[in-house]
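The lines below spell out each chain.
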Amino acid sequence: MAVKHQLIRVVEVVSLFNQNRNSSYSYLEVLEKLESTMNGHDEGGFSYSEKTFQRDRKLISEVLKIDIVYNSSLQKYQIDAESGDLSFFIGDAVLLMNAYKQNLKNKDLVQMDYNKGKGLEHLYGLLHAIHNRKIITCQYTKYWDTISEEKSLEPYALKEFQNRWYLLAKDKKRTGILKTYGLDRISNLEIGNSSFKRGEMDLEGAFKNSFGIISTLGKEPEEIVLSFDAEQGKYIKSEPLHRSQKILMDHEKELQILLTLVPTYDFYQELMKHAGRLKIIAPKSVKNEYIDWLKKALELNN
């Protein structure tokens with residue numbers, strides 16, 4: 001429970017400073033903000049010391065890469081100008097879960113998707129293990145298997161993709177290569193007392209040229225040109241397929257975009273969602289692979 005409250009607390013602190021990056025707050029102002037929001041999460045009442053605030057600042061800096069620095073002239077805290085974007089997927093997850101809990105009391109006011117991401121109950125414990133570099137053990141069942149396997153893992157990060165959550169971790173019993181584990185396939189999670197030494201890992205680079213959860217580190221990306229009809233193009237513009245998306249052509253009949261990535265299984269799955277409104281312009285290898293997927297779909301339905 002303490003880990004859960006710390007995570008919610010951190011989200012509230014980040015939200016406060018995120019309201020206006022030019023604003024500054026004293027410890028007492030931070031405390032006042034937390035008192036108005038945290039009491040609803042703790043039936044025993046909320047208490048918060050300046051020492052706890054300093055620990056939270058350290059956690060925010062180490063995990064979220066956001067520095068809340070002390071301005072001695074103002075005698076207040078503020079966001080360091082060099083800090084990056086304050087958006088953070090764990091924070092979003094906590095807010096969504098809290099919104100869902102409130103929705104249980106207000107079903108006539110808020111309608112939420114019943115297809116909720118599974119494995120969310122592991123988020124708090126896994127973030128704690130990642131931050132403190134604790135080895136975890138669990139039972140893991142692969143999607144194509146029915147028998148679970150015991151895993152001893154060194155957790156590195158959490159990743160969200162299309163409403164599913166994944167753990168990036170190294171398997172101590174295997175090669176030590178960073179792999180992806182679906183949280184919905186994890187059971188009997190235990191956070192051990194043993195710590196591990198975190199090696200240098202370019203997590204951003206491992207997925208920079210990936211469409212989803214399949215690491216493409218060391219593989220050269222391709223320039224892929226896709227064409228959509230104008231109606232579907234509006235959706236593609238509002239929800240880009242990939243961070244590399246660039247618009248090449250946009251008029252009343254067609255949207256043409258350029259993606260720079262390594263085409264993987266999950267990428268072709270995404271392309272199939274747009275079948276009937278999508279045309280592959282280049283390269284030929286991607287077009288041929290996409291056509292093979294379409295042929296298999298036709299064979300299954302004939």
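Everything that follows concerns the structure shown earlier in this document.
So, a few notes on the structure that sits alongside this text.

### Digging into the packing of helix α8 (residues 265-273) against helix α9 (residues 284-301)
Logical step 1: Where α8 meets α9, the closest approach of the two axes is 10 Å, and the angle between their N-to-C directions is 65 degrees. The handedness of the crossing between α8 and α9 comes out as right-handed. Contacts from Tyr265, Phe267, Tyr268, Gln269, Leu271 and Met272 in α8 reach Ser285, Val286, Glu289, Tyr290, Trp293, Leu294 and Ala297 in α9.
Logical step 2: For the contact of α8 with α9, the class distribution of residues is 10 nonpolar, 2 polar and 1 charged.

### Some remarks on the sheet that holds strand β5 (residues 164-171)
Logical step 1: Pairing within the open sheet is antiparallel, and its 5 strands lie in the order β6-β5-β4-β3-β7. Taken across any chain shown, the strands that pair with only one partner, and hence form the sheet edges, are β6 (178-182) and β7 (186-195). Each strand of the sheet is rotated relative to its neighbour by a mean of 45 degrees, with strand direction disregarded.
Logical step 2: Summarising the sheet, β5 and β6 pair through 5 bridges and their orientation is antiparallel. Bridging across to β6, leucine 168 finds its partner in threonine 180.

### Topic: the packing of aromatic side chains
Any two aromatic rings considered together are summarised by their centre-to-centre distance and by the angle between their planes.
Logical step 1: A complete count under the given rule lists 12 aromatic pairs for this structure.
Logical step 2: With a centroid separation of 6.1 Å and an interplanar angle of 40 degrees, the aromatic rings of tyrosine 27 and phenylalanine 53 are classed as tilted. A residue pair is termed long-range when its members are at least 10 positions apart, and tyrosine 27 in helix α2 (residues 27-38) and phenylalanine 53 in helix α3 (residues 50-64) qualify at 26 residues.
Logical step 3: Note on tyrosine 27: relative accessible area 14%, which makes it buried.
Logical step 4: The class of phenylalanine 53 is buried, set by a relative accessible area of 0%.
Logical step 5: When the centroid spacing of 6.0 Å and the interplanar angle of 25 degrees are considered together, the rings of tyrosine 268 and tryptophan 293 count as stacked. Of the two residues, tyrosine 268 is situated in helix α8 and tryptophan 293 in helix α9; the sequence distance between them amounts to 25 residues.
Logical step 6: Judged by its relative accessible area of 8%, tyrosine 268 is buried.

### Description of the nonpolar core
Logical step 1: One finds Leu226, Ile257, Leu259, Phe267 and Leu271 to be the most contacted residues of the largest nonpolar core, which totals 20 residues.
Logical step 2: When residues in this core are grouped by element, the largest group, 4 residues, is from strand β10 (residues 254-261).
Logical step 3: Excluding residues that lie within four positions of it along the chain, isoleucine 257 makes contacts with Ile224, Val225, Leu226, Phe228, Ile236, Leu241, Gln245, Lys246, Ile247 and Leu248.
Logical step 4: Formed by 18 residues, the second largest nonpolar core is a distinct cluster that contains Val30, Leu34, Ile68 and Tyr77.

### Points about α9
Logical step 1: Compared with the 26 Å implied by 1.5 Å per residue over 18 residues, the 26 Å span of α9 between its first and last C-alpha is a close match.
Logical step 2: The set of residues buried in α9 consists of Val286, Tyr290 and Trp293. Seen along its axis, α9 keeps its buried residues to an arc of 55 degrees; they face one direction. Opposite the buried face of α9, by more than 90 degrees, sit the exposed residues Lys284, Leu298 and Glu299.
Logical step 3: In this structure, the buried side of α9 is in contact with β8 (222-229), α8 and β11 (278-282).

Analysis parameters
Residues numbered from 1 in each chain as written. Predicted model: local features only at pLDDT ≥ 70, side-chain atom pairs only at ≥ 80, totals over all residues. Heavy atoms only, no water. Axes fitted to C-alpha atoms, helices over the stretch in contact; angles between N-to-C directions. Helix = DSSP H or I, 4+ residues; strand = E, 2+ residues; numbered from the N terminus. Left-handed = near helix turned anticlockwise from the far one by under 90°. Contact = heavy atoms within 4.5 Å. Nonpolar A, V, L, I, M, F, W, Y, C, P; charged D, E, K, R; others polar. Pairing = 2+ DSSP bridges. Phe/Tyr/Trp six-rings, centres within 6.5 Å; stacked < 30°, edge-to-face > 60°. Buried < 20%, exposed > 50% of the residue type's maximum accessible area, 1.4 Å probe, protein only. Core = buried A, V, L, I, M, F, W, Y, C linked by side-chain atoms within 4.5 Å. Expected span 1.5 Å × (residues − 1). Arc of directions from axis to C-beta.

Function-wise, these values are silent; they only describe arrangement.
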